[in-house]
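# Topology and contacts: notes
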Amino acid sequence: HTGEEFDGFLSDAFAVGVTLYALLCNEYPWLSTRPGGCKAFDYFYKNGFRAFIKKRRLLKGTPVETLLSEPVVELLVGLLNPDPARRLT
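Residues numbered from 1 in each chain as written. Predicted model: local features only at pLDDT ≥ 70, side-chain atom pairs only at ≥ 80, totals over all residues. Heavy atoms only, no water.

A few words on the overall build of the protein. Check the secondary structure of the protein and you find four helices and zero strands. Moving toward the C terminus, one meets the helices and strands of the protein in the order α-α-α-α. For the protein, whose C-alpha radius of gyration is 13 Å, the value lies close to the compact-globule estimate of 12 Å for 89 residues. Viewed in the frame of its principal axes, the protein has a C-alpha envelope of about 40 × 30 × 20 Å. Scored against the burial criterion, the 89 residues of the protein give a buried share of 31%. The long-range fraction of contacts in the protein, counting pairs at least 24 apart against all pairs at least 6 apart in sequence, stands at 50%. Only carbon and sulfur atoms are counted for the fraction: they give 56% of the accessible area of the protein, which is about 6,100 Å². For the protein, the separation between the mean place of its 11 positive charges and that of its 10 negative charges on side chains is 11 Å. (Helix = DSSP H or I, 4+ residues; strand = E, 2+ residues; numbered from the N terminus. Rg over C-alpha atoms; globule rule 2.2 N^0.38 Å. Buried < 20%, exposed > 50% of the residue type's maximum accessible area, 1.4 Å probe, protein only. Contact = heavy atoms within 4.5 Å. Areas by Shrake-Rupley, 256 points an atom, 1.4 Å probe, with all protein chains shown as cover. Lys, Arg positive; Asp, Glu negative; His and termini not counted. Charge placed at Lys NZ, Arg CZ, Asp CG, Glu CD.)

Counted by the stated rule, this structure contains zero disulfides. In this structure Cys25 is not part of a disulfide, and its nearest cysteine sulfur, from Cys38, lies 15 Å away. Look at Cys38 and you get buried, because its relative accessible area is 10%. (Disulfide = S-S within 2.5 Å.)

Before going further, it helps to examine helix 4 (residues 70–79). For helix 4, the full list of buried residues reads Val73, Leu76, Gly78 and Leu79. Those residues of helix 4 that are buried lie in contact with helix 1 (8–25) and helix 3 (49–55).

Moving on, we come to the pattern of salt bridges. Under the counting rule described, the total for this entry stands at three salt bridges. Residues Arg56 and Glu27 are paired through a salt bridge, measuring 3.7 Å at the closest nitrogen-oxygen approach. Of this pair, Arg56 sits in the loop between helix 3 and helix 4 while Glu27 is found in the loop between helix 1 and helix 2 (39–47), placing the two residues 29 residues apart along the sequence. Residue classification places Glu27 among the buried positions, given a relative accessible area of 15%. The salt bridge involving Lys54 is made with Glu65; its shortest N-O contact spans 3.8 Å. Here the residue Lys54 occupies a position in helix 3, and Glu65 occupies one in the loop between helix 3 and helix 4, the gap between them amounting to 11 residues. (Salt bridge = Lys/Arg side-chain N within 4 Å of Asp/Glu carboxyl O.)

Of the polar contacts made by the side chain of Glu27, one reaches the backbone nitrogen of Leu59; its length is 3.1 Å. In this view, Glu27 contacts Tyr21, Ala22, Arg56, Arg57, Leu58 and Leu59; residues no more than four positions away in its chain are not counted. (Polar contact = N/O pair within 3.5 Å; in protein donor to acceptor, adjacent residues only side chain to side chain.)

Okay, structure coming up:
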């Protein structure tokens, strides 16, 4: 959203993380990645994925952290790292 050049491969890794989350939880983690565009994404960006899933509840009220195994959480932490240079590839 900054207009700067970016690595398409690393963007795809992030998209894979969002897709995997959506497949496992049956809903998207956030509505937008624009700064200030979604409170859920802003919380994730500030506090990290582990804090996000501790707080996040699905529409049915189920805590997200109860649905995901530790290996899946580790994979999602790597894929969804907000810093593209530190993202899992």
